[in-house]
Amino acid sequence: MIQSVQRALRIMELVGRHADGVSAPRIAFECGLNRATAYNLLRTLVYEGYLRRDGEGRYSLGLEVSDRYSELTRAISGPKTCGDYMRKVSAETGYSTFVARFVEDRPAVTEVIEGNRSPHVEDLIVGFDDGAHATALGKALLATLRPDDRARFLRAAGMRRFTGRTLVEPDAFEHDLAVGDESGVYAELGQFKAGVACAGVVVRRDGNPSERVVFAVAMPLGDIRESWQRMSARLREAAAELQPLV
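Thresholds, definitions, all that
Residue positions within a chain follow its written sequence, with the count starting from 1. It should be noted that, the model being predicted, local features are given only for residues of pLDDT at least 70 and side-chain atom pairs only at 80 or more, the latter also being counted only at that level, while totals for whole chains, interfaces and linings use all residues. No hydrogens and no water enter the side-chain calculation; it runs on all heavy atoms of the structure. Only C-alpha atoms enter the line fits that serve as axes; for helices the fit covers just the stretch in contact. Angles between N-to-C directions range over 0 to 180 degrees. Secondary structure is summarised from DSSP: a helix means a run of H or I of at least four residues, a strand means a run of E of at least two, and numbering begins at the N terminus for each. Any angle that is under 35 degrees is reported as roughly parallel, and any over 145 degrees as roughly antiparallel; angles of 65 to 115 degrees are reported as roughly perpendicular and all others as oblique. Handedness of a crossing follows from how the near helix is turned relative to the far one, being left-handed for an anticlockwise turn of less than a right angle and right-handed for a clockwise one. The contact rule is simple, with two residues in contact once any of their heavy atoms fall within 4.5 Å. Only protein chains enter the calculation, and the probe is 1.4 Å; a residue is then buried if its accessible area is under 20% of its type maximum, exposed if over 50%, and partly exposed in between. Within this scheme, the nonpolar core is defined by two criteria: the residues are buried Ala, Val, Leu, Ile, Met, Phe, Trp, Tyr or Cys, and they are joined through side-chain atoms within 4.5 Å. DSSP-based pairing: two strands are paired if at least 2 bridges between them are found. Surface patches are drawn from residues lacking salt bridges whose relative accessible area is over 30%; two like charges belong together within 9 Å, two nonpolar side chains (Val, Leu, Ile, Met, Phe, Trp, Tyr) within 5 Å. For accessible areas, the Shrake-Rupley method is used with a probe of radius 1.4 Å. Any residue's cover is judged against the shown protein chains and nothing else. Basic side-chain nitrogens of Lys or Arg form a salt bridge, by our definition, when they fall within 4 Å of a carboxyl oxygen of Asp or Glu.

Caption draft 1: Layout of the packing of helix α5 (residues 82-93) against helix α10 (residues 228-242). Direction vectors running N to C along α5 and α10 enclose 160°, while the axes themselves pass 11 Å from each other. When the axis of α5 is compared with that of α10, the two are roughly antiparallel. The two elements α5 and α10 cross, and the hand of that crossing is right-handed. Taken together, the residues of α10 that come into contact with α5 (itself represented by Cys82, Tyr85, Lys88, Val89 and Glu92) are Arg234, Glu237, Ala238, Glu241 and Leu242.

Given below as structure tokens:
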């Protein structure tokens, strides 16, 4: 343990118990410190804003304590919006996060937060509504449709080949969705853009298609192979945590 940190924390705890402030000699005595050490620690805590010293030389808690308390309450209460949650996941993982919905009967990206570990995919921006058969977002949304509605959509939209890995046969696509249905996580490995992988989950499945929501992350292709179990578990958690926010 770092002794100076422990001593500073003991001072903070003691001062916090005295709403009217407490003198330096009393702080030194009650914390078991010699006066030189106590004064050095008090000077540092005042300088950093965690304590303040009044005109009579009494110490009380500083404004930095209230700032840390505000940050703590925000962290405990959790994200209040879908965008807040996406930023939280992107900060935790370093991966770009996406939300998609049906917009005018087409799967479309509606929110994006870029992560510093994800390759930039210039097409996956808000409003993108192409290539649903090749993206995890599109797969997850199409999985919420009845098979005949899904087949009708794919016939109308077509199944363009984006890379050599893109699934362009309806039977292969249906098998891929069945794998996703079983695990609850829909993935594409370089099917939309070479070297990029994406995995997504359904957040809201019920209601009209326009009310359905999916969430996904994009990452380097190598990452998803190394961390599939951990990432798929995190995505299933995200699906539950996002429900009250969408």
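Caption draft 2: Inspection of the environment of Ala194 at higher detail. Residue placement: Ala194 occurs in the loop between β6 (186-189) and β7 (196-204). By relative accessible area, Ala194 is classed as exposed at 61%. Separated by 47 residues in the primary sequence, Ala194 and Pro147 have C-alpha atoms spaced 28 Å apart.

Caption draft 3: Local environment of the nonpolar core. By size, the foremost hydrophobic cluster in this structure holds 30 residues, and its most contacted members are Leu124, Leu137, Leu142, Phe192 and Val214. Taken together, the elements giving at least two residues each to this core come down to β4 (96-103), α6 (136-142), α7 (147-157), α8 (170-183), β7 and β8 (213-220). It is α6 that contributes the most residues to this core, five residues altogether. Contact partners of Leu142, with chain neighbours within four places excluded, come to Phe102, Pro107, Ala132, His133, Arg150, Phe153, Leu154 and Phe173. Counting 23 residues, the second largest nonpolar core, distinct from the first, contains Val89, Phe215, Ile224 and Ala239.

Caption draft 4: Focus on the sheet that holds strand β2 (residues 51-53). Spatially, β1-β3-β2 is the arrangement adopted by the three strands of the open sheet, whose pairing is antiparallel. Sheet topology places β1 (22-23) and β2 at the edges, where each strand pairs with a single neighbour. Of the pairings in the sheet, the one linking β2 to strand β3 (residues 58-61) comprises three bridges and is antiparallel in character. Among the inter-strand pairings, Arg53 is bridged to a residue of β3, identified as Tyr59. Contacting β1, β2 and β3, helix α1 (residues 3-16) crosses the sheet at an angle of about 95° to β3. Those strands touched by helix α3 (residues 35-47) are β2 and β3, and its axis lies near 105° from that of β2.

Caption draft 5: Structural view of a nonpolar patch on the surface. A cluster of nonpolar side chains, Ile2, Val5 and Leu9, forms an exposed patch at the surface whose accessible area comes to about 280 Å². Within the secondary structure layout, Ile2 lies in the segment before α1. The exposure class of Ile2 is exposed, given its relative accessible area of 57%.

Caption draft 6: Representation of the pattern of salt bridges in the model. According to the stated counting rule, one finds 16 salt bridges in the structure shown. For the salt bridge of Arg26 with Glu30, the shortest nitrogen-to-oxygen distance reads 2.5 Å. With Arg26 and Glu30 both in helix α2 (residues 24-30) and four residues apart, the pair spans about one turn of that helix. Take Arg26: its relative accessible area is 40%, and that puts it in the partly exposed class. Measuring nitrogen to oxygen at the nearest pair gives 3.4 Å for the salt bridge that ties Asp130 to Arg160. Taken together, the positions of Asp130 in the loop between β5 (106-113) and α6 and Arg160 in the loop between α7 and α8 put the pair 30 residues apart, joining distant regions of the chain.

Caption draft 7: Structural detail: the sheet that holds β4. An order of β5-β4-β8-β7-β6 is seen for the five strands of this open sheet, with the pairing classed as antiparallel. Of all strands in the sheet, those with a lone pairing partner are β5 and β6, marking the two edges. On average, each strand axis in the sheet is tilted by 25° relative to the strand beside it, whichever way the strands run. For β7 and β8, the ladder comprises eight bridges, and the chain directions are antiparallel. When the sheet's bridge partners are listed, Ala197 is paired in β8 with Met219.

Caption draft 8: Inspection of the pairing of β7 at higher detail. With eight of its nine residues buried, β7 lies for the most part within the structure. As judged from the four bridges shared by β6 and β7, these two strands associate in the antiparallel manner. The residue of β7 that forms the bridge with Ala187 is Ala199. Hairpin connection from β6 to β7: six residues lie between these consecutive antiparallel strands, with Gly190 at a positive phi of about 70°.

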